[in-house]
Amino acid sequence: MNVIFDQVTGMLTNPPGSLAFFLVLLFCASSALQTILMVLRHHPSRQKSRILSGIIIILLAQLTLFILSALTWQVPQTAHQLLPAFDRTLPLFSLLLIAWLWAYPAENRAGDLALIVLGALTFLLGIFTYLFWNSQPQTGSFNSSTFDLIWNIVSILFLLAAAFSTWWQKQDGWGVGLYILLVNLAGFILHFMAAAPDGDLTAAVRLTELISYPFLPLLAQRLLTRAALPEVARPIITRIAEDEMETPSSFASVITQQEEKDDFEQIQHLNDRLDEANTLLTEAHRSITILQEENTRLASSLNARQSQPGTSPASSNSVDLVQNISQKISLPLDDISRDAALVKTEGIGLLSVLQRTFVDEIINTASAARSWLQTLEQYPQTLETSPVNTDLNAAIDAVIAGMNTQIRTKGLALRFDIGDMSHPVHISQKALEQILIHLLKNAIEVSPQDATVDLNLEESEDEDGKSGLLIQMSDSGGGIAPKNIDKIFNLPPQSGNEPKYRGIGSLNSLRLAKTITINYNGKIWLESNNKQTTYFVFFPY
């Protein structure tokens, strides 16, 4: 194996093989330049000057090494003096340029400054090496000198920094750039460990350059990426490509006009919707305050009225008012969400980061308000019937009839049992149905296909010794993590999508069940293990 490696490295450092090596690198760099020019012809880009300057400098560096190698072919002593310093300086600077092109395709002050500093250090070290190497007695090889050790350490450190920067930035096609840097880093490490002690050139580094440089033309791929262009600009780009015309000024003019027109109209429309929604939200807040005061009064008198069923505990005027406001505000909220999504979609590439954040916040706020409205629409309906002697069998039959489609779709088996009751149950039957429906909705969502849901109603006592109705509903949704059990019923509605918790199907359904339970002086809690969760609802007599 060592013999084969020595033969390969010898071919890369001896004059005929060295010239062939530089021809291959020249071909790779010139192919990259040609490919970039072809892409830029049909796809003008702001990266044009940056990528062209980088690839041209790389091409000139390889051309310089090729010319020096050719000139010193017949004069070994001259090659011994000139080539070592150039063979270290120009390849390292070329790799720094490659990292710069892949990590910072657009103008970046930190990236540009890093290239200038590292490039200057590389050339200063190259000049220092050339001067001091030629001032020393030419009795040994460069690979066995202190200069070679310094160059290896500097190159490894510089390439590690360049590779980290490329990985950190993660620009389009960054994996190819990282591959080139890591392959060449392996070459420097290999040269550090097994350099030919009687040679002047970096054979291992040349071998890795030969492996990695053919990937250089892939730089042109990033110019074909259209993710940063707005949708309205893509037909223009396609038409330019078909006509093979270069019209950068016309293109910029079209984009500017489209930006001014679309942004103004869409954002102005969105502002109008927001003003309308703000007015309706203020009215809704006032109505909710009225309803909360009404519910406080009802809660204080509910126990006295349980034995004397009569009129509805909730004022029909309050219920009608809340439902009316809810319906009025729902349509503007839907319009706001739709219009904001339209602005975001059509404005990609035109809106600033702050504007996109603002539009996202509008969408999340509208979604949260819509969730609250759904809760508000359902809440008054549970208060329309007075607490009476409730028929538990009729309540369960009504729940099963209403949820039959969801139960059958999931293939669930609902098992229920009603124990003997020594006292009549005085609670709104509609409220009891709503509690069972919301708990069952959660169980249906979280339970796997063809699972079983158990529902038990029985007479029991609480921790204070009070008798009452105990409802137990168990699902096989995998259980809730112990750290989440205490906070499930206390989580407020979130803007945007609700967080997902293992063992929980619908947080909104559990909130509604808790609201109704507390309104009728009941208690609600849950117990869970690794396999199932059981919800308990207790109403004292």
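From a predicted model like this one, the values you see are computed outputs, not experimental measurements.

Undergrad: Just give me the short version of the packing of helix H2 (residues 15–42) against helix H8 (residues 203–212), but keep the residues and values in it.
TA: Interaxial distance between H2 and H8 falls to 10 Å at its minimum, and their mutual angle equals 35°. Like other packed secondary-structure pairs, H2 and H8 cross with a definite hand, here left-handed. From H2, Ser 18, Phe 21, Phe 22, Val 24 and Leu 25 reach across to H8, where they touch Arg 206, Glu 209 and Leu 210. Tallied by class, the residues present in the contact of H2 with H8 amount to five nonpolar, one polar and two charged.

Undergrad: If you had to explain the packing of aromatic side chains to someone new, which residues and values would you point to?
TA: For any pair of aromatic rings, geometry is given as the distance between the ring centres together with the angle between the planes. The tally for this structure, following the rule as stated, stands at 11 aromatic pairs. Above the ring of Trp 174, the side-chain terminus of Lys 170 is found at 5.3 Å from the ring centroid.

Undergrad: Talk me through a nonpolar patch on the surface; I want residue IDs and the actual numbers.
TA: On the surface, Leu 149, Ile 153, Leu 157, Leu 160, Ile 189, Phe 192 and Met 193 cluster together into a nonpolar patch covering about 670 Å² of accessible area. Every element with two or more residues in the nonpolar patch is listed here: helix H6 (146–169) and helix H7 (174–194). Sorting elements by how many residues they give to the nonpolar patch places H6 first, with four residues. Along the chain, Leu 157 turns up in helix H6.

Undergrad: Please provide a residue-by-residue account of the confidence of the model for the protein chain, values included.
TA: Residues with a pLDDT of 70 or more make up 65% of the protein chain, whose mean pLDDT is 75. Mean pLDDT in the protein chain bottoms out at helix H9 (residues 234–243), which sits at 45, and peaks at H6, which reaches 91. In this model, residues 226–252 is a region of pLDDT below 50 whose contacts with residues beyond four sequence positions or in other chains number 33 contacts.

Undergrad: An account of the environment of Ser 155 is requested, with residue identities and associated values reported.
TA: Residue placement: Ser 155 occurs in helix H6. Take Ser 155: its relative accessible area is 1%, and that puts it in the buried class. Between the C-alpha atom of Ser 155 and that of Leu 96, which follows or precedes it by 59 residues, the distance is 9.9 Å. In contact with Ser 155, other than residues within four places in its own chain, are Leu 92 and Phe 188. A polar contact is formed between the side chain of Ser 155 and the backbone oxygen of Trp 151, at a distance of 2.7 Å.

Undergrad: Explain the pairing of strand S4 (residues 452–461) residue by residue, including any values.
TA: The side chains of a regular strand alternate between the sheet's two faces. Relative to S4, strand S2 (residues 413–418) runs parallel, the two being bridged by six bridges. Note that in S4 the partner of Leu 414 across the bridge is Val 453. Here eight bridges tie S4 to strand S5 (residues 467–475), and the two strands are oriented antiparallel to one another. Considered in S5, the bridge of Glu 459 is made with Leu 469. Turn length for the S4-S5 hairpin, with the two strands adjacent in sequence and antiparallel, is five residues, and the turn residue Gly 465 shows positive phi of about 85°.

Undergrad: Which residues make up the nonpolar core, and what values do they have?
TA: In terms of nonpolar packing, the biggest core is built from 53 residues, with Ile 36, Ile 55, Ile 58, Ile 98, Tyr 213, Leu 216 and Leu 219 touching the most fellow members. Those elements giving two or more residues to this core turn out to be H2, helix H3 (48–71), helix H4 (76–103), helix H5 (109–135), H6 and H7. Excluding its chain neighbours within four sequence positions, the residues that come into contact with Tyr 213 are Leu 25, Cys 28, Ile 58, Gln 62, Ser 94, Leu 95 and Ile 98. Counting 42 residues, the second-largest nonpolar core is a separate cluster that includes Ile 427, Leu 436, Leu 440 and Ile 504.

Undergrad: Explain the sheet that holds S5 residue by residue, including any values.
TA: Strand order across the open sheet formed by five strands is S2-S4-S5-S7-S6, with mixed pairing between neighbours. The open sheet is flanked by S2 and strand S6 (523–528), the only strands paired with a single partner. Between one strand axis and the next, the sheet turns by 15° as a mean value, whatever way the strands run. Here eight bridges tie S5 to strand S7 (residues 533–540), and the two strands are oriented antiparallel to one another. Of the residues in S7, the one forming a bridge with Leu 469 is Phe 539. Along the sheet, helix H14 (residues 429–446) makes contact with S2, S4, S5 and S7, crossing S5 at roughly 20°. Against the sheet, helix H16 (residues 507–519) touches S6 and S7, its axis set at about 140° to S6.

The rules behind each value
- Residues numbered from 1 in each chain as written.
- Predicted model: local features only at pLDDT ≥ 70, side-chain atom pairs only at ≥ 80, totals over all residues.
- Heavy atoms only, no water.
- Axes fitted to C-alpha atoms, helices over the stretch in contact; angles between N-to-C directions.
- Helix = DSSP H or I, 4+ residues; strand = E, 2+ residues; numbered from the N terminus.
- Left-handed = near helix turned anticlockwise from the far one by under 90°.
- Contact = heavy atoms within 4.5 Å.
- Nonpolar A, V, L, I, M, F, W, Y, C, P; charged D, E, K, R; others polar.
- Phe/Tyr/Trp six-rings, centres within 6.5 Å; stacked < 30°, edge-to-face > 60°.
- Lys NZ or Arg CZ within 6 Å of the ring centre and 35° of its normal.
- Patch = residues over 30% accessible without salt bridge, like charges linked within 9 Å, V, L, I, M, F, W, Y side chains within 5 Å.
- Areas by Shrake-Rupley, 256 points an atom, 1.4 Å probe, with all protein chains shown as cover.
- Salt bridge = Lys/Arg side-chain N within 4 Å of Asp/Glu carboxyl O.
- pLDDT = per-residue confidence, 0-100.
- Buried < 20%, exposed > 50% of the residue type's maximum accessible area, 1.4 Å probe, protein only.
- Polar contact = N/O pair within 3.5 Å; in protein donor to acceptor, adjacent residues only side chain to side chain.
- Pairing = 2+ DSSP bridges.
- Core = buried A, V, L, I, M, F, W, Y, C linked by side-chain atoms within 4.5 Å.

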